[in-house]
Amino acid sequence: MSAAASCLLTEDQFLCSICLDVFTDPVTIPCGHNFCKTCITEHWDKNVQCQCPNCKRDFSTRPELQVNTFISEMAAQFRQSAQQKASSSSSEQQVSEPGEVPCDVCTGTKLKALKSCLVCLASYCETHLQPHLTMTGLKRHQLIDPVENLEGRMCPKHDKLLELFCKTDQLCVCMLCTILDHQTHKVVPLKEEYEGKKAELGETEAEIQQMIQKRRLKIEEIKHSVELSEKDADRETADGVQVFTALKESVERSQAELMDTIKEKQRKTEEQAEGFIKELEQEISELEKRSTEVEQLSQSEDHLHLLQSCTSLNAAPPTRDWTGVSVHPPSYDGTVVRALSQLEETLSQQMKKLFAEAELKRVQQSAVDLTLDPETANPWLILSDDGKQVKDSDEEKELPDNPERFDSCVNVLAKQSFSSGRFYYEVQVKGKTEWDLGVARESINRKGSITLSPQDGYWTIWLTNENEYKALAGPDVRLSLKSPPQKVGVFVDYEEGLVSFYDVDAAALIYSFTGCCFTEKLFPYFSPCFNNDGENSAPLIISPVSHTE
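Just so it is clear, the structure is predicted and the values come from calculations on it, not from any experiment. (Residues numbered from 1 in each chain as written. Predicted model: local features only at pLDDT ≥ 70, side-chain atom pairs only at ≥ 80, totals over all residues. Heavy atoms only, no water.)

Trainee: Quick question: what am I supposed to make of the packing of aromatic side chains here?
Mentor: Note on aromatic pairs: each is described by the distance of the centres and the angle between the planes. Tallying each qualifying case throughout the model produces 10 aromatic pairs. Where Phe-276 meets Trp-322, the ring centres are 6.1 Å apart and the plane angle is 85°; that geometry is what we call edge-to-face. Here the residue Phe-276 occupies a position in helix α7 (residues 190–298), and Trp-322 occupies one in the loop between α8 (303–312) and α9 (335–364), the gap between them amounting to 46 residues. You can call Phe-276 buried: its relative accessible area is 18%. With 4.0 Å between their ring centres and 15° between their planes, Phe-418 and Phe-423 make a pair best called stacked. The exposure classification of Phe-418 matches that of Phe-423, with both residues buried. Among the aromatic residues, those joined into a ring-pair cluster are Trp-459, Tyr-494 and Phe-518. Over the face of the ring belonging to Trp-322 we find Arg-320, whose NZ or CZ atom lies 4.9 Å from the ring centre. (Phe/Tyr/Trp six-rings, centres within 6.5 Å; stacked < 30°, edge-to-face > 60°. Helix = DSSP H or I, 4+ residues; strand = E, 2+ residues; numbered from the N terminus. Buried < 20%, exposed > 50% of the residue type's maximum accessible area, 1.4 Å probe, protein only. Lys NZ or Arg CZ within 6 Å of the ring centre and 35° of its normal.)

Trainee: Help me out: how do you make sense of unusual backbone geometry in this one?
Mentor: If a residue is not glycine, its phi is most likely negative; likewise, a peptide bond is most likely trans. Here the amide bond leading from Gly-474 into Pro-475 is cis, since omega sits at 10°, within 30 degrees of zero. With respect to the helices, strands and loops of the structure, Pro-475 is situated in the loop between β15 (469–471) and β16 (477–479). At Leu-121, a residue that is not glycine, the phi angle is positive and equals roughly 55°. On the accessibility criterion, Leu-121 (22% relative accessible area) is partly exposed. In this model, Ala-507 sits at a positive phi of 50°, which is unusual for a non-glycine residue. When you line up the elements, Ala-507 lands in the loop between β18 (498–503) and β19 (508–513).

Trainee: I would appreciate a short explanation of the sheet that holds strand β3 (residues 115–117) in the present structure.
Mentor: Across a sheet, strands are paired by hydrogen bonds formed along the backbone, either parallel or antiparallel in direction. Taken together, three strands build an open sheet; the order of strands is β4-β3-β5 and the sheet is antiparallel. Looking at the sheet topology across the chains shown, the edges are occupied by β4 (122–124) and β5 (143–144). Judged from the three bridges that link them, β3 and β4 form a sheet pairing that is antiparallel. Paired with Ser-116 across the bridge in β4 is Ser-123. Packing against the sheet, helix α4 (residues 126–134) makes contact with β3, β4 and β5, and its axis sits at approximately 110° to β4. (Pairing = 2+ DSSP bridges. Contact = heavy atoms within 4.5 Å. Axes fitted to C-alpha atoms, helices over the stretch in contact; angles between N-to-C directions.)

Trainee: Would you mind showing me how to read a nonpolar patch on the surface here?
Mentor: A cluster of nonpolar side chains, Leu-176, Ile-179 and Leu-180, forms an exposed patch at the surface whose accessible area comes to about 270 Å². Mapped onto the secondary structure, Ile-179 falls in helix α6 (residues 175–180). (Patch = residues over 30% accessible without salt bridge, like charges linked within 9 Å, V, L, I, M, F, W, Y side chains within 5 Å. Areas by Shrake-Rupley, 256 points an atom, 1.4 Å probe, with all protein chains shown as cover. Salt bridge = Lys/Arg side-chain N within 4 Å of Asp/Glu carboxyl O.)

Trainee: What am I meant to see in the packing of α7 against α9 here?
Mentor: Helix-helix packing is described using two parameters, namely the angle between the two axes and the distance between the axes. α9 packs onto α7 with a crossing angle of 160° between their chain directions and a minimal axis gap of 10 Å. Here α7 is positioned roughly antiparallel relative to α9, judged by the angle of their axes. The two elements α7 and α9 meet at a crossing, and its hand is right-handed. Contacts between α7 and α9 pair Asp-239, Gln-242, Val-243, Ala-246, Leu-247, Ser-250, Val-251, Ser-254, Leu-258, Thr-261, Ile-262 and Lys-265 from the former with Thr-335, Val-336, Arg-338, Ala-339, Leu-343, Leu-347, Gln-350, Met-351, Leu-354 and Lys-361 from the latter. (Parallel < 35°, antiparallel > 145°, perpendicular 65-115°, else oblique. Left-handed = near helix turned anticlockwise from the far one by under 90°.)

Trainee: I would appreciate a short explanation of the pattern of salt bridges in the present structure.
Mentor: Close approach of charged atoms allows side chains of opposite charge to pair. Evaluated as defined, the whole model comprises 18 salt bridges. Asp-181 is paired through a salt bridge with Lys-157; the nearest N and O atoms lie 3.1 Å apart. In this pair, Asp-181 sits in the loop between α6 and β8 (187–189) while Lys-157 sits in the loop between β5 and β6 (164–166), placing the two residues 24 residues apart along the sequence. Members of the salt-bridge network, linked through shared partners, are Lys-167, Glu-193, Lys-197 and Glu-200.

Trainee: Sorry, what's going on with the environment of Lys-397 here?
Mentor: One can find Lys-397 in the loop between β10 (389–392) and β11 (412–413). The sequence separation of Lys-397 and Pro-379 amounts to 18 residues, and the corresponding C-alpha distance is 5.1 Å. Setting aside anything within four residues of it in sequence, one finds Lys-397 in contact with Pro-379, Trp-380, Leu-381 and Ile-382. Side-chain polar atoms of Lys-397 contact the backbone oxygen of Leu-381, separated by 2.2 Å. (Polar contact = N/O pair within 3.5 Å; in protein donor to acceptor, adjacent residues only side chain to side chain.)

Trainee: Please clarify how the sheet that holds β6 should be interpreted in this entry.
Mentor: With antiparallel pairing, the three strands of this open sheet are ordered in space as β7-β6-β8. The sheet is open, and its two edges are formed by β7 (171–173) and β8, each paired on a single side. Each neighbouring strand pair of the sheet contributes to a mean axis angle of 35°, computed without reference to strand direction. Of the pairings in the sheet, the one linking β6 to β7 comprises three bridges and is antiparallel in character. The partner of Cys-166 across the bridge, within β7, is Leu-171. The sheet contacts of α7 involve β6, β7 and β8, and relative to β8 the element is tilted by about 85°.

Trainee: Hey, could you run me through the nonpolar core in this one?
Mentor: One broad rule of soluble globular proteins: the nonpolar side chains tend to lie buried together. Counting residues in each nonpolar core, the largest one holds 38 residues, and the members touching the most others are Trp-435, Phe-513 and Phe-526. Leave out the neighbours within four places in its chain, and Phe-526 touches Leu-370, Leu-372, Val-410, Asn-411, Val-412, Ala-414, Tyr-425, Val-427, Asp-436, Leu-437, Leu-540 and Ile-542. One finds Cys-16, Cys-36, Phe-59 and Leu-138 within the second-largest nonpolar core, a separate group that totals 27 residues. (Core = buried A, V, L, I, M, F, W, Y, C linked by side-chain atoms within 4.5 Å.)

Trainee: Would you mind showing me how to read a negative patch on the surface here?
Mentor: A cluster of acidic residues, Glu-220, Glu-227, Glu-230 and Asp-234, forms a negative patch at the surface. Classification of Glu-230 by relative accessible area gives partly exposed; the value is 47%. (Lys, Arg positive; Asp, Glu negative; His and termini not counted. Charge placed at Lys NZ, Arg CZ, Asp CG, Glu CD.)

Pasting the structure below:
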């Protein structure tokens, strides 16, 4: 019967609302509510007024407490059932580990707390949390993620929950604090201040993340700079090794040539001396042979034989007069000096060449991709479909005379313009008898007769139809080139005020405009000049930059 009854009763009916645990020695007070005998006794001992903790009914005299045996038996059965249930569920729940908040109600093995109650100031595992999730009175309690030191959430002065925030003193306070110590201060609910602070922290976090992102970008920028520096260093190292290897080889060749010159002089001296010695030794051999014959004849005592033999003696062999013959050691005076002078000249020429090659390689790092602008092209010009070639034609096209178009001079500009930094491009001029190239500022005159000079906004060089090269510097500067360039490189440093022209194949500087003052956009400028009955029909070709090796 009791088992059947327990099935009909709810879990809430076996829990004391004071200790929130299964009844121990349950007693019923006159209002009908049940409590543990110890719990209600201690509650009334602490309070002057004798009152029911649940319904707040006052009693003029403290009621006499008697254990309700029926509820006690039912509670005992429920406790046993709850312990079995807790035992089986504890195997599924996590045991509290060091650093984790344990359940305050568990006896023996402490399970990990699931929530903490700010009203009860206790933490509960899943099993012991159930009353707060099911009992009407406990549902109003504020639950938070499990935390330790719940006592720290109580006002140390008034032993009340810290549920308000004094904005004046920037302190968490209780209700009594606002009445006694912070009466004139601005006080708001803890939740309101929490939301405000949380919003501020969100903004701070966003700012911090933005600062982190900026610094990460700066790190990437610095790393990229280091990578560029490393590439530049590797390139300069390779160039330096190449230059000094070439110079070293020149020195070694000059040294070898000097040694060969000295050895050749010594060889010729030894060869001459050996010739003289050989000839002298041959004469000595002949003379010794005659000396032997004379000596033998002089010892003869036969008068007739001596006289007859004297007349038959061979005539004396021909010999050279060695009085004026001698071997003079060769003179080496000035040999080293002449070798050093020749080496100096060779190194000077080689260094100029290497410097020019290095300079060309440097400016080629600023290469840009250009295409010709048909909106600026003179109507007599023909542009390729890819915008890389231009030449004069025998027929004028009908084109709109827009302000950007050259109407009389056979000129065209690139689409790209530059108002800062450096840029470089190369143009093939092979097969042409006349052309001019360079850069022009945006505000140049494009109509009628045009004068090419820096004063008029043009920085150009010109191959005339008389096979002369000129820098149109106003006045013109005649240029002396060793050989006609087949490809011309044009380099501009906007801030430096520099426009330089290079013979790409020879890696040689043709001419530089220096000290220029640029204040407008600069456009690459091209003129294939007139066709001249087919003599100058080859096009100007914007070529891809192939870095000089």
